[in-house]
Structures are given as C-alpha cells and as structure tokens.
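Residue-level structural notes
In case you want the letters, here they are:
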Amino acid sequence: MILWWIGDVVLLAVVLPVVVYLLRGVLDAAKSIVPSVQQIAKVAAAGSKDLDAAALLLTTQDQVSKTVAGVANYGGSLDVILDDAR
Amino acid sequence: MTPVLAFAAAGAVMIFAVGLIVVALVYYLVSVIVALRKITAGLDETIAGVAEIVQKSAPVNDVVTTINEQLDAGVDLLEGLLVKKAGMTDAVGLVDGLYPGAAATGFRNLPESTTIKAPRIGEVYTRGTLTLARLGREAPIAAGNPAGAALRDPERGSLAARQLYPETRQARPASMPRSPVIGTDAPVQYEQRDDIGAPRKRLPAAR
C-alpha cells in the first residue's frame, strides 16, 4: 500500500516533469528550425532569380568570339604593315 | 480509511498521473508534428529554388571556360605581336608604363620577360604617345630610356616624327608603290552605274 503511494508520488513528482521537460526541449528545437528553413528558402529563391542573367553568358560568349576574331584579323594586318623590332 | 478505499484512492491517483503524462505527450508530440510539417514545406521550397539554381548554372562552367580560352588566345596574340614589333625590353617598358607594376608579372607565354628591367617609358612619353605605341604606330619607345635620345627633342623633331613610320620609309627607297591611277585610262575599270548621266528624277509638283 505504501509502495503504491510512493509510486504515485514518483510518477507525479519525477516522471511527469521529466517527460514534459524532454518533450518541451524537442518542441523548442523543432520550432527553432522553422525560421531558419524559411530564410533558406527565401535565399534560394533570391539566388535563383539572380541567376536569370546567366543565360546572357551565351551572348557574351558569342561577342567574345567575334571580338577575338576581329583582334586576330587586326593583329594579322598589323603584323604585315609594321616592321618587326630590330 | 479502510484498506479498500486506500487502494481505490492510490489507483485513482495513479490513473490521474498516467493521464497527465498522456496529455503532455499528446500536446507536445502534436506540436512537434506541426513544426516538422512547416519544416517540410520550407524544405520543399528550398529544394525547388536550389533545383532552379542548378539548372540555370549548369551551362555556366562550359561557357566561362570557352570565354576564358578565347580571351587567353587574344591576350597571347596581342602580347606576341607587341613583343615582335616593339622588342621584349620596350614591350615590357610599355606595359609597365601603362600599368605600373605589371613588368614584375611579365608576359604569360614569355617567362624571360619577368627578368627584364623595364625602361621608364612612362616618364618620357605622354599617355597619348603610349596609346599610339600601343596601337602599333611604332613610336620610338626605345628612346624612352633616360640614357637614350628623347622623342621630343626640338632640334630633331622631324627625325623623331619620321621614326614613327615603318622602316621602309625611313630608308628613303628609290621607288615606292605608286598611287592608284584613276580616269578612263586607268588599268582597273569599274562597272559604270546606269543612273549616272541620266535625267534627274522629278518629284510630283506640290498643289
């Protein structure tokens, strides 16, 4: 009989607070992740939008190719026109 | 208190305590589930954004590599042309005059250029002269050396100016290529336009 009451006291005074403490810690940890994940999602969306100009690299590539070809032609002409250094 | 009532009270307290624990478990676990669902939704958005980033940045590597290769070829071409036309020492001095400190780096394909002491061209020539030299006008940049002749010597101005031109003109050859012949007796005849010499078109009269 006395052991039963002792068990009740332990259940109420020890087990219940420990369970509540542990569960609260898990809940706080889970809740603390939510804003971080939301910020990461915003940053990923912004990063994706920043890369919209990456398609213009194809135009840049074409322009660089044409420019280098023009420089090569100009350099070839200069090589013919100008004398070499002595 | 009778033993039966004492047992019943102890059992009731036990049931109450277990009930409290179950309620706490349900409350906190449901809260954790809600938070985890928010995290899942946020991660879904993140994955979508990251997938877009991966998709958009996929061709960047190849394109940038190609651009760099072409630019490297252009730089090699211009450096080689500069060294060929101006000479290694003057080329290094010219580059160092335009971009101070660049002589220490030297030319990429010419490792010996790093060992050359750059002449102080920038102290003798104006920026415009250096620009002309950079454009391949053959300015006498070698004279930029303090030990050598100055470009802007008033007594030898014409000589200095003539030195800007290729060697073939400085040697004063007996014959130079003639100017092209024009007119009806020209060796090269071009197709005549039909509208030349025809009556001029008249615009409709104003009312």
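Within each chain, residues carry numbers counting from 1 in the order of the written sequence. The lettering of chains begins at A and the numbering of ligands begins at 1, in the order of writing. Since the coordinates come from a predicted model, pLDDT governs what is reported: local features require at least 70, and pairs of side-chain atoms require 80 or more to be given and counted, while whole-chain, interface and lining totals use all residues.

1. Overview of the overall build of chain A
Helices and strands together make up the secondary structure of chain A, namely 2 helices and 0 strands. Here the C-beta atoms are placed from the backbone, and a residue counts as buried if at least 20 other C-beta atoms lie within 10 Å of its own, exposed if 12 or fewer do, and partly exposed otherwise. Buried positions account for 2% of the 86 residues belonging to chain A. Starting at the N terminus, helices and strands are each numbered in turn, a helix being any DSSP run of H or I of at least four residues and a strand any DSSP run of E of at least two.

2. Notes on the overall build of chain B
For chain B, the count of helices and strands is 7 helices and 0 strands. Counting every position in chain B, which comprises 207 residues, the buried fraction comes to 16%. Within chain B, residue pairs in contact and separated by at least 24 positions form 54% of the contacts whose partners lie at least 6 positions apart. Note that contacts rest on C-beta atoms placed from the backbone: two residues are in contact if these are within 7 Å.

3. A few points about the interface of chain A and chain B
Contact with chain A, which involves 44 residues of that partner, is made by 47 residues of chain B. For the side of chain A that touches chain B, the elements supplying multiple residues, two or more each, are helix H1 (2-50) and helix H2 (56-81) of chain A. Considering each element in turn, the side of chain A that touches chain B owes the most residues, 25 residues, to H1(A). In this classification, Asp, Glu, Lys and Arg are treated as charged, Ala, Val, Leu, Ile, Met, Phe, Trp, Tyr, Cys and Pro as nonpolar, and every other residue, Gly included, as polar. Its residues assigned to classes, the side of chain A that touches chain B comprises 31 nonpolar, 7 polar and 6 charged.

4. Some words on the nonpolar core
Any nonpolar core is a set of buried residues, restricted to Ala, Val, Leu, Ile, Met, Phe, Trp, Tyr and Cys, that join up through C-beta atoms within 7 Å. Core analysis: the largest hydrophobic core is formed by 12 residues, namely Leu81(B), Leu82(B), Val83(B), Ala86(B), Ala91(B), Val92(B), Leu94(B), Val95(B), Ala103(B), Phe107(B), Ala118(B) and Ile121(B). Secondary structure elements with two or more residues in this core: helix H2 (60-86) and helix H3 (88-98) of chain B.

5. Comments concerning the packing of H2(A) against H2(B)
Interaxial angles span 0 to 180 degrees and are taken between N-to-C directions of axes, which are lines fitted to C-alpha atoms, for helices over the stretch in contact. Viewed as axis vectors pointing N to C, H2(A) and H2(B) meet at an angle of 15°, and their least axial separation amounts to 10 Å. Classified by the angle between their axes, H2(A) and H2(B) sit roughly parallel to one another. Pair H2(A) / H2(B) crosses with left-handed handedness. Residues Leu57(A), Leu58(A), Thr60(A), Gln61(A), Val64(A), Ser65(A), Val68(A), Val71(A), Ala72(A), Gly75(A), Leu78(A) and Asp79(A) of H2(A) touch H2(B), and the partners they reach there are Val60(B), Val63(B), Val64(B), Thr66(B), Ile67(B), Gln70(B), Leu71(B), Ala73(B), Gly74(B), Leu77(B), Leu78(B) and Leu81(B). These descriptions rest on fixed angle ranges, namely under 35 degrees for roughly parallel, over 145 for roughly antiparallel, 65 to 115 for roughly perpendicular, and the rest for oblique. Handedness of a crossing is defined here by the sense of rotation of the near helix relative to the far one, left-handed for an anticlockwise turn of less than a right angle and right-handed for a clockwise turn.

6. A few points about the environment of Ser113(B)
Residues and elements named next belong to chain B. Relative to the helices and strands, serine 113 is located in the loop between helix H4 (102-105) and helix H5 (127-134). For serine 113, a count of 20 C-beta atoms within 10 Å gives the class buried. Residues serine 113 and alanine 103, spaced 10 residues apart in sequence, show a C-alpha to C-alpha distance of 7.7 Å. The contacts of serine 113, once residues within four sequence positions are left out, are Met88, Val92, Gly106 and Phe107.

7. What about the confidence of the model for chain B?
As a per-residue quantity, pLDDT reports the predictor's confidence and falls between 0 and 100. Residues with a pLDDT of 70 or more make up 76% of chain B, whose mean pLDDT is 78. For residues 147-151 of chain B, every residue scores under 50 in pLDDT, and the model assigns this stretch 11 contacts once sequence neighbours within four places are set aside.

8. Considering the environment of Val64(A)
Residue position: Val64(A) is located in helix H2. Taking the number of C-beta atoms within 10 Å as the measure of exposure, Val64(A) has 19 and is therefore partly exposed. Once residues within four sequence positions are removed from consideration, Val64(A) is found in contact with Ile67(B), Gln70(B) and Leu71(B).

9. Quick notes on the packing of H2(B) against H3(B)
Residue and element names in this part refer to chain B. Following both chains from N to C, one finds H2 and H3 inclined at 125°, their axes separated by 7 Å at the closest point. Taken together, the axes of H2 and H3 are oblique relative to one another. For the crossing formed where H2 meets H3, the hand is right-handed. For the pair formed by H2 and H3, the contact residues are Leu82, Val83 and Ala86 on the first element and Met88, Asp90, Ala91 and Leu94 on the second. Among the residues making up the contact of H2 with H3, the classes are represented as 6 nonpolar, no polar and 1 charged.

10. A look at H2(B)
To estimate the expected span of a helix, subtract one from its residue number and multiply by 1.5 Å. Taking 1.5 Å of rise per residue, 27 residues should cover 39 Å, and H2(B) covers 38 Å from first to last C-alpha, within 8% of that figure. Listed as buried for H2(B) are Leu81(B), Leu82(B), Val83(B), Lys85(B) and Ala86(B). Each element contacted by the buried residues of H2(B) is listed here: H2 of chain A together with H3 of chain B. Following H2(B) by one or two positions, Gly87(B) has its phi on the positive side, about 90°.

11. Brief notes about the environment of Leu110(B)
Relative to the assigned elements, Leu110(B) resides in the loop between H4 and H5. Along the backbone, Leu110(B) and Val83(B) are 27 residues apart, and their C-alpha atoms lie at a distance of 9.3 Å.

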